[in-house]
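# Report on the structure
Spelled out from the first residue to the last, the chains are:
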Amino acid sequence: MYNLLKGKKGIIFGALDENSIAWKVAERAHEEGATFVLTNAQVASRFGTIDELAAKTGSQVIPADATSVEDIQNLVDKSMEILGGKIDFVLHSIGMSVNVRKGNHYTTQNYEYTKIGWDVSAVSFHKVMGVLYKSNAMNEWGSIVALTYMAAQRVFPDYNDMADNKAYLESIARSFGYFFGRDHKVRVNTISQSPTLTTAGKGVKGIDGFLNYAEKMSPLGNATALECADYTISLFSDLTKKVTLQNLFHDGGFSNMGISQEVMSLFMDKEEE
Ligand SMILES: NC(=O)c1ccc[n+]([C@@H]2O[C@H](COP(=O)([O-])OP(=O)(O)OC[C@H]3O[C@@H](n4cnc5c(N)ncnc54)[C@H](O)[C@@H]3O)[C@@H](O)[C@H]2O)c1
């Protein structure tokens, strides 16, 4: 590997199991020489396999509900104690929609559920940055990344209210990123990842269709969770110091495609092909 994160300290949210994008980021960050704290919601830490990842990467786990400012404050304070100083990188890899879980259609949402999903998937990013900013917990030239999906810009009907949550999340990255950049020289970006078979991914109705369609549309094919982790590591490294306020597509080219010949051929009359 490249020692890209040698000596850097981080906090990684959202590793649930070995399919999680955050899990791959933790493994790659460890390989690149970083030390970090792992965190997830209390129940996920209990039922998931995060302890396995912690043992493998020499990390400690501090549970935190990402919607609770109190939990996040405790996490940040303890992380600085454990890691012996300020933080260089943070991954927000969190998403959940109660409407999706309950099978509610986008047009007939339960708005109490909408609020919960919005808080978990989008506002939690503001809360995390709010605590880091107020506590002056980030080192200069640090990097904060959240994961998002292209349904923030374009219509994917079954992505439901998560599309709105992702649009909000991306906006928070820009708005908070301005203050973090100006005041602490910290960069804030979102990575817009291809559909990926994780627990969250499998929750999206018709994920197989998403995956196959995106695969056929993308000149480089879908990006895997491990490839997403590699890209994330580059954003945590010193090689991307002036990249900030960006929503960065990591999708094999999907986002700039109109149509591919492979997809086109599915709609052509036999004689025309
Ligand atoms: N899988 C995909 O197709 C895909 C595509 C683009 C973006 N993303 C995004 O990537 C991120 C990671 O998802 P994933 O695909 O690795 O799935 P995942 O299910 O492995 O990860 C989602 C994580 O969110 C955590 N979480 C939920 N509620 C929480 C709370 N209140 N506090 C703290 N943590 C909480 C879960 O415990 C879980 O670890 C999400 O933001 C997701 O929207 C996923």
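Below: a short report on this structure. (Residues numbered from 1 in each chain as written. Predicted model: local features only at pLDDT ≥ 70, side-chain atom pairs only at ≥ 80, totals over all residues. Heavy atoms only, no water.)

### Observations regarding the packing of helix H6 (residues 111-134) against helix H7 (residues 162-184)
- Interaxial distance between H6 and H7 falls to 8 Å at its minimum, and their mutual angle equals 10°. Classified by the interaxial angle, the pair formed by H6 and H7 is roughly parallel. Contacts from Gly117, Trp118, Ser121, Ala122, Val123, Phe125, His126, Met129, Gly130, Leu132 and Tyr133 in H6 reach Met162, Asn165, Tyr168, Leu169, Ile172, Ala173, Phe176, Phe179, Phe180, Asp183 and His184 in H7.
- Looking at the contact of H6 with H7 residue by residue, the classes come out as 15 nonpolar, six polar and one charged. (Axes fitted to C-alpha atoms, helices over the stretch in contact; angles between N-to-C directions. Helix = DSSP H or I, 4+ residues; strand = E, 2+ residues; numbered from the N terminus. Parallel < 35°, antiparallel > 145°, perpendicular 65-115°, else oblique. Contact = heavy atoms within 4.5 Å. Nonpolar A, V, L, I, M, F, W, Y, C, P; charged D, E, K, R; others polar.)

### Quick look at the pattern of salt bridges
- Applying the stated criterion across every chain, the model contains nine salt bridges.
- The closest approach of N and O atoms between Glu112 and Lys115, which form a salt bridge, is 3.6 Å. Within this pair, Glu112 and its partner Lys115 are both found in helix H6, separated by three residues, close to a single helical turn.
- When the shortest N-O distance is used, the salt bridge between Arg182 and Asp183 registers 2.7 Å.
- Under the relative-accessibility criterion, Asp183 is labelled partly exposed at 32%.
- Among the ionic contacts, a cluster of salt bridges with common partners joins Arg28, Glu31, Glu32 and Asp230. (Salt bridge = Lys/Arg side-chain N within 4 Å of Asp/Glu carboxyl O. Buried < 20%, exposed > 50% of the residue type's maximum accessible area, 1.4 Å probe, protein only.)

### Let's talk about the site of the ligand
- Close to the ligand lie 26 residues, the nearest being Ser20, Asn40, Lys166, Thr196 and Thr198.
- In this structure, Thr196 approaches the ligand through a main-chain N or O atom, which is 2.7 Å from an oxygen atom.
- Protein chains bury 92% of the 830 Å² of accessible surface belonging to the ligand in isolation.
- Taken together, the elements giving at least two residues each to the shell around the ligand come down to strand S5 (138-148) and helix H8 (199-202).
- Broken down by element, the shell around the ligand gets its largest block of residues, three residues, from H8. (Near = heavy atom within 4 Å. Polar contact = N/O pair within 3.5 Å; in protein donor to acceptor, adjacent residues only side chain to side chain. Areas by Shrake-Rupley, 256 points an atom, 1.4 Å probe, with all protein chains shown as cover.)

### Considerations on the packing of aromatic side chains
- Summed over all chains, the structure comprises twelve aromatic pairs.
- When the ring of Tyr133 is compared with that of Phe180, the centres are 5.4 Å apart and the planes differ by 85°; the resulting orientation is edge-to-face. You can see Tyr133 sitting in helix H6 and its partner Phe180 sitting in helix H7, a full 47 residues away along the chain.
- With relative accessibility at 26%, the residue Tyr133 sits in the partly exposed group.
- For Phe180, a relative accessible area of 0% translates into the label buried. (Phe/Tyr/Trp six-rings, centres within 6.5 Å; stacked < 30°, edge-to-face > 60°.)

### Quick notes on the sheet that holds S5
- Across the sheet, seven strands lie side by side as S3-S2-S1-S4-S5-S6-S7; this open sheet has parallel pairing. Each of the sheet's edge strands pairs with one partner strand only, and the pair in question is strand S3 (60-61) and strand S7 (247-250).
- As paired elements, S5 and strand S6 (residues 187-193) share six bridges and run parallel to each other. Residue pairing for S6: Val145 is matched across the bridge by Asn189.
- Docked against the sheet, H6 engages strand S1 (9-13), strand S4 (87-92), S5 and S6, running at close to 170° with respect to S4. (Pairing = 2+ DSSP bridges.)

### Some words on helix H3 (residues 50-57)
- Among the residues of H3, those classed as buried are Ile50, Leu53, Ala54 and Thr57. One side of H3 carries all its buried residues, which in axial view fall inside an arc of 100°. In this structure, H3 carries Asp51, Ala55 and Lys56 as exposed residues pointing more than 90 degrees from its buried face.
- Packing partners of the buried residues in H3 comprise helix H1 (21-31), strand S2 (35-39), helix H2 (42-47) and S3.
- With its phi angle positive at about 60°, Gly58 sits one or two positions after the end of H3. (Arc of directions from axis to C-beta.)

### What about helix H4 (residues 69-83)?
- Helix length check: H4, at 15 residues, gives a terminal C-alpha distance of 21 Å against a target of 21 Å (1.5 Å per residue), a fit within 8%.
- Of the residues making up H4, those classed as buried are Ile72, Leu75, Val76, Ser79 and Leu83. Across the axial projection of H4, the buried residues extend over an arc of 95°, all falling on one side. For H4, the exposed residues set more than 90 degrees away from the buried face come down to Glu70 and Glu81.
- Directly after H4, the chain includes Gly84, whose backbone phi takes a positive value near 75°. (Expected span 1.5 Å × (residues − 1).)

### Focus: the packing of H1 against helix H10 (residues 225-236)
- Packing of H1 against H10 brings their axes to within 8 Å, and their N-to-C directions diverge by 55°. It follows that H1 is oblique to H10 by the angle criterion. Handedness of the H1/H10 crossing: right-handed. Seen from H1, the contacting residues are Ile21, Lys24, Val25, Arg28 and Ala29; seen from H10, they are Ala225, Leu226, Cys228, Ala229, Asp230, Thr232, Ile233 and Phe236.
- Its residues assigned to classes, the contact of H1 with H10 shows nine nonpolar, one polar and three charged. (Left-handed = near helix turned anticlockwise from the far one by under 90°.)

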